[in-house]
Amino acid sequence: VGFFDEKYKTAEDFDFFARVANKYPVAYINLPTMRIKRGVTGQLSSPERQIDTYKAWVDIAIRLWMNDENYYTKHKKFVDWRISHYYYSLGRVYYMRNRYTESLRAFKKSLRLNYKQKSTYIYTFAAFCMIILCALFKAIYKGYLPYFLD
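Note that the structure is a prediction, hence the values are computed from the model and not measured.

Chemist: Quick rundown of unusual backbone geometry? Include the residues and the values.
Modeler: For alanine 11, which is not glycine, the phi torsion reads 75 degrees and is therefore positive. When you line up the elements, alanine 11 lands in the segment before α1 (12-23). Of note, asparagine 98 is a non-glycine position whose phi angle comes to about 60 degrees, a positive value. Tracing the backbone through its elements, the reader meets asparagine 98 in the loop between α3 (69-96) and α4 (100-113). Residue class for asparagine 98 comes out exposed when judged on its relative accessible area of 53%.

Chemist: Hey, could you go over the packing of aromatic side chains for me, with residue numbers and the actual values?
Modeler: A full pass over the atoms with the stated rule returns 13 aromatic pairs. On the numbers, 5.4 Å between centres and 85 degrees between planes, the contact of tyrosine 54 with tryptophan 57 is edge-to-face. In this pair, tyrosine 54 and tryptophan 57 both sit in helix α2 (residues 50-66), 3 residues apart, roughly one turn of the helix. Take tyrosine 54: its relative accessible area is 19%, and that puts it in the buried class. Both rings, one in tyrosine 88 and one in phenylalanine 107, keep their centres 6.1 Å apart while their planes meet at 50 degrees; by these two values the pair is tilted. Residue tyrosine 88 is found in helix α3, and its partner phenylalanine 107 is found in helix α4; the two are separated by 19 residues along the sequence. Judged on exposure class, the residue tyrosine 88 and its partner phenylalanine 107 are both buried. Ring pairs connect the aromatic residues Phe14, Tyr54, Trp57, Trp65, Phe78 and Tyr86, which therefore count as one cluster.

Chemist: Before we move on, could you go through a positive patch on the surface and cite the residues and values that matter?
Modeler: Together, Arg105, Lys108, Lys109 and Arg112 line one region of the surface with positive charge. Tracing the backbone shows arginine 112 in helix α4.

Chemist: An account of the nonpolar core is needed here, citing residue identities and associated values.
Modeler: If you look at the biggest cluster of nonpolar residues, it comprises 14 residues, and the most contacted ones within it are Ile60, Ala61, Leu64, Trp65, Val79, Ile83 and Tyr86. Residue assignment for this core shows that the elements contributing at least two residues are α2 and α3. For this core, the leading source of residues is α2, giving 6 residues. Those residues in contact with isoleucine 83, other than ones at most four positions away along the chain, are Ala61, Ile62, Met66 and Leu113. Counting residues in hydrophobic clusters, the runner-up holds 7 residues, among them Tyr88, Leu104, Tyr123 and Ala127.

Chemist: If you had to explain the packing of α3 against α4 to someone new, which residues and values would you point to?
Modeler: It is the contact of α3 with α4, at a shortest axis distance of 8 Å, that shows an interaxial angle of 165 degrees. On the basis of the axis angle, α3 is roughly antiparallel to α4. Taken as a pair, α3 and α4 cross one another with a handedness that is left-handed. Residues Asp80, Ile83, Ser84, Tyr87, Tyr88, Leu90, Gly91, Arg92, Tyr94 and Tyr95 of α3 lie in contact with α4, whose contacting residues are Tyr100, Glu102, Ser103, Ala106, Phe107, Lys109, Ser110 and Leu113. Tallied by class, residues from the contact of α3 with α4 come to 10 nonpolar, 4 polar and 4 charged.

Thresholds applied
- Residues numbered from 1 in each chain as written.
- Predicted model: local features only at pLDDT ≥ 70, side-chain atom pairs only at ≥ 80, totals over all residues.
- Heavy atoms only, no water.
- Helix = DSSP H or I, 4+ residues; strand = E, 2+ residues; numbered from the N terminus.
- Buried < 20%, exposed > 50% of the residue type's maximum accessible area, 1.4 Å probe, protein only.
- Phe/Tyr/Trp six-rings, centres within 6.5 Å; stacked < 30°, edge-to-face > 60°.
- Patch = residues over 30% accessible without salt bridge, like charges linked within 9 Å, V, L, I, M, F, W, Y side chains within 5 Å.
- Areas by Shrake-Rupley, 256 points an atom, 1.4 Å probe, with all protein chains shown as cover.
- Salt bridge = Lys/Arg side-chain N within 4 Å of Asp/Glu carboxyl O.
- Lys, Arg positive; Asp, Glu negative; His and termini not counted.
- Charge placed at Lys NZ, Arg CZ, Asp CG, Glu CD.
- Core = buried A, V, L, I, M, F, W, Y, C linked by side-chain atoms within 4.5 Å.
- Contact = heavy atoms within 4.5 Å.
- Axes fitted to C-alpha atoms, helices over the stretch in contact; angles between N-to-C directions.
- Parallel < 35°, antiparallel > 145°, perpendicular 65-115°, else oblique.
- Left-handed = near helix turned anticlockwise from the far one by under 90°.
- Nonpolar A, V, L, I, M, F, W, Y, C, P; charged D, E, K, R; others polar.

Listed below in C-alpha cells is the structure:
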C-alpha cells in the first residue's frame with residue numbers, strides 16, 4: 001500500500017488507512033482505543049487547519065473510491081454520501097471564515113452528490129445571499145450605486 005503520502009499537510013493517516021482498507025479486510029472495534037487532548041497549540045485538528053483537512057479528505061476519497069470504477073459501482077451510495085459530507089463540512093468552514101464564494105462552490109458539489117441533505121440547502125442559500133450582499137455593499141462603497149437613503 002506504500003507509505004504516508006507527504007503531499008498532505010493533514011490527513012496523511014486517513015489516506016494510509018483508506019489504502020489499507022481498500023486492499024485488506026478491516027474490522028471496527030466499538031471501544032475507545034486512545035485519548036485525544038484538545039486545545040493544544042499547533043494541533044492538526046485546529047480551526048486553522050480544518051480547510052486543509054477537509055480538502056485532503058475530499059481528494060483522497062475521490063482518488064481512492066470514486067475513481068476506482070469497481071469500488072464506486074459497488075459502493076456508490078456510501079461514496080456519494082461520504083464525499084458529499086466532506087464537501088458540506090468544507091463549505092461550512094469556508095462560510096464561518098467569510099469565504100462565501102468558496103463555500104457556495106463546496107455546497108453545490110455536496111448537493112450534486114446528495115440532494116437530500118436539507119441543511120446544505122440552508123447554507124447554500126445563506127452563502128448566495130452573503131455573496132449578493134457583499135457585492136452590493138462593495139458597489140455602494142465604491143460609488144457605483146447611489147445610496148438608498150439620501
